[in-house]
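# Chains, contacts and geometry: an overview
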Amino acid sequence: LSLLACLFLWLVIHTIIIITDGLNDELEVVDAAVVLGNRVELDGQPSDRLQARLDKAVQLFEEDFFKYIIVSGGTGKEGLDEAEVMKNYLIDQGIPENRIIEDSDGYNSFMTAENSKAIMEDLDLQSVMVISQYFHISRTKLAFEKVGFENVASAHAEIFDERDLYSTLREFPAYYSY
């Protein structure tokens, strides 16, 4: 019983830390932001979650927090390239095309971190900010640190829905798998 109680307490404390870390943006001027992919609707538009991530990137780009935006995602079950959809959305919002870099092989957070590291090294970019849902920030920062980034800045998409409870609980085992 005490082992179960300790495990439950660990889950609760870890979840509070994940939520707190994710909701407290660590904004600083960096070379590039990385927007992590999410589902694309069948009509080719970003899902609400993905649009919220992109809108946060637009806001921070306009506030001069970074010069480049890496959009990272894979091809989902809908058959659409998340990175391409993200790039098109950003262009529609007025972001210059030459400031957007596509990573169509970002099938998970760790692959996004690895791909972003390679892209940024090629362009001689050093500092990075990750943009995702609040519950996803801690694990994303961990992935970016593991591939060699120092001081990973972060910003969360300003959207909340009922799936956040499940998604937040899922981050507990996902974080430790990284």
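Attention here is on the structure that accompanies the text. (Residues numbered from 1 in each chain as written. Predicted model: local features only at pLDDT ≥ 70, side-chain atom pairs only at ≥ 80, totals over all residues. Heavy atoms only, no water.)

What the protein contains, in helices and strands, is 6 helices and 5 strands. What you see in the protein, going N to C, is helices and strands ordered as α-β-α-β-α-β-α-β-α-β-α. Against the 2.2 N^0.38 benchmark of 16 Å for 178 residues, the protein shows a C-alpha radius of gyration of 16 Å, consistent with a compact globule. Taking the principal axes of its C-alpha atoms as reference, the protein extends roughly 60 × 35 × 25 Å. In the protein, buried positions account for 48% of the 178 residues. Across the protein, contacts joining residues at least 24 apart in sequence account for 75% of those joining residues at least 6 apart. Accessible area of the protein: about 9100 Å², with a carbon and sulfur share of 54%. Each charge class in the protein can be summarised by its mean position, and for the 14 positive and 32 negative side chains these summaries are 4 Å apart. (Helix = DSSP H or I, 4+ residues; strand = E, 2+ residues; numbered from the N terminus. Rg over C-alpha atoms; globule rule 2.2 N^0.38 Å. Buried < 20%, exposed > 50% of the residue type's maximum accessible area, 1.4 Å probe, protein only. Contact = heavy atoms within 4.5 Å. Areas by Shrake-Rupley, 256 points an atom, 1.4 Å probe, with all protein chains shown as cover. Lys, Arg positive; Asp, Glu negative; His and termini not counted. Charge placed at Lys NZ, Arg CZ, Asp CG, Glu CD.)

Moving on: unusual backbone geometry. The backbone of Asp64 sits at a positive phi, close to 65°, despite the residue not being glycine. Counting through the fold element by element, Asp64 comes out in the loop between helix 2 (48-62) and strand 2 (68-72). The class for Asp64 is exposed, based on a relative accessible area of 56%. With a phi close to 55°, Asp124 is a non-glycine residue in the positive phi region. A residue is classified by how much of its surface remains accessible, and Asp124, at 59% relative accessible area, is exposed.

Taken together, 5 strands build an open sheet; the order of strands is 3-2-1-4-5 and the sheet is parallel. Here the strands that pair on one side only, and so sit at the sheet edges, are strand 3 (100-103) and strand 5 (153-156). Strand-to-strand, the axes of this sheet are offset by a mean angle of 20°, without reference to chain direction. With 4 bridges connecting them, strand 1 (residues 32-36) and strand 4 (residues 128-132) associate as parallel partners. Residue Val34 lies in a different strand from strand 4, and its bridge partner there is Val130. Sheet strands in contact with helix 2 are strand 1, strand 2, strand 4 and strand 5, and its direction is about 145° off that of strand 4. On top of the sheet, helix 3 (residues 82-92) reaches strand 1, strand 2 and strand 3; it is set at about 165° to strand 3, its chief contact. (Pairing = 2+ DSSP bridges. Axes fitted to C-alpha atoms, helices over the stretch in contact; angles between N-to-C directions.)

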